[in-house]
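Chain by chain, the residues:
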Amino acid sequence: MSIIKFLISKAFFKQILLAIVAIVVLCFIVLKWLSGYTNHGDFETVPDLKGKSISVAEIELDENNLVMQIQDSANFNPNYPKFAVIEQEPLAGTQVKENRKIYLTLNPSGYRKVEVPDLRERTFRQAKPNLEALEFKVGKITYEDNIGKDLVLKMYHKGKLLQSGDKLPKTSVIDLVLGNGKRPRK
């Protein structure tokens, strides 16, 4: 029997038809199984957790069959309480599958402490941007007799003299004592 006769025979067409039916049935079974296995069409809505404490966030996520994953945060936000959620991913209202991880960024207990630079013997014009770059605030400015006009002589925080290497929280107010350009009296 030649190949051409076999390709146009009834037996060949029966085998092709059986193979097509088997593939269609197999695809149908696999798609039904996948639909059930992946809970196709079943979604959980991510709740809005911003501003809520860790314990409240955990309860809300458990009620919605979601998993909490806490991420570290170094950026203190004074608009939120300590250890409250300040960001979440995915965002509130998003439709996700159950047991999805929801990544939460928490508000730390306070501003990170930053080392105070040694600005003595520098001009106010140099010192101010240096302090502001470290997110400190320049407070009260006083003058005392010194030949260097606007030269930083001392730095204070809440009345305490600051030394090089002291650490203060970001946004702390630093008071400066500057020279007034007059010779000190003897």
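The structure under discussion appears in the preceding block.
Everything quoted here is computed from the prediction, not taken from an experiment.

1. Concerning the overall build of the protein chain
Within the protein chain, the regular secondary structure consists of 4 helices and 11 strands. If one aligns the C-alpha atoms of the protein chain with their principal axes, the spans along those axes are about 125 × 45 × 20 Å. In the protein chain, once contacts between residues fewer than 6 apart in sequence are set aside, the share between residues at least 24 apart is 69%. Carbon and sulfur atoms make up 57% of the accessible area of the protein chain, which amounts to about 13,100 Å² in all. Of the side-chain charges in the protein chain, 28 are positive and 21 negative, and the distance between the mean point of each set is 6 Å.

2. Topic: the environment of His157
Mapped onto the fold, His157 is located in strand 8 (residues 152–157). Taking the C-alpha atoms as reference points, His157 and Leu176, 19 residues apart in sequence, are found 9.0 Å from one another. If sequence neighbours within four positions are ignored, His157 has contacts with Leu162, Leu168, Ser172 and Val173. A polar side-chain atom of His157 sits 2.9 Å from the main-chain carbonyl oxygen of Val173.

3. Thoughts on unusual backbone geometry
Between Glu89 and Pro90 the backbone carries a cis peptide bond, its omega angle lying at 0 degrees. As for its placement among the helices and strands, Pro90 is situated in the loop between strand 3 (85–89) and strand 4 (95–96). Even without being a glycine, Asp150 presents a positive backbone phi close to 60 degrees. Locating Asp150 in the fold gives a position in the loop between strand 7 (137–144) and strand 8. Its identity as a non-glycine residue notwithstanding, Lys158 has a phi of 50 degrees, on the positive side. Along the chain, Lys158 turns up in the loop between strand 8 and strand 9 (160–161).

4. With respect to helix 2 (residues 10–37)
Look at helix 2: 40 Å from first C-alpha to last across 28 residues, which is about the 40 Å you get at 1.5 Å a residue. One or two residues past the end of helix 2 sits Asn39, with phi positive at roughly 50 degrees.

5. Considerations on the sheet that holds strand 7
The strand order 7-11-8-9 describes an open sheet built from 4 strands, whose pairing is mixed. Looking at strand neighbours, the two that pair on one side only are strand 7 and strand 9, the edges of this open sheet. One ladder, built from 4 bridges, connects strand 8 with strand 11 (residues 173–179); its direction is antiparallel. The partner of Lys154 across the bridge, within strand 11, is Val177.

Criteria and cut-off values
- Residues numbered from 1 in each chain as written.
- Predicted model: local features only at pLDDT ≥ 70, side-chain atom pairs only at ≥ 80, totals over all residues.
- Heavy atoms only, no water.
- Helix = DSSP H or I, 4+ residues; strand = E, 2+ residues; numbered from the N terminus.
- Contact = heavy atoms within 4.5 Å.
- Areas by Shrake-Rupley, 256 points an atom, 1.4 Å probe, with all protein chains shown as cover.
- Lys, Arg positive; Asp, Glu negative; His and termini not counted.
- Charge placed at Lys NZ, Arg CZ, Asp CG, Glu CD.
- Polar contact = N/O pair within 3.5 Å; in protein donor to acceptor, adjacent residues only side chain to side chain.
- Expected span 1.5 Å × (residues − 1).
- Pairing = 2+ DSSP bridges.

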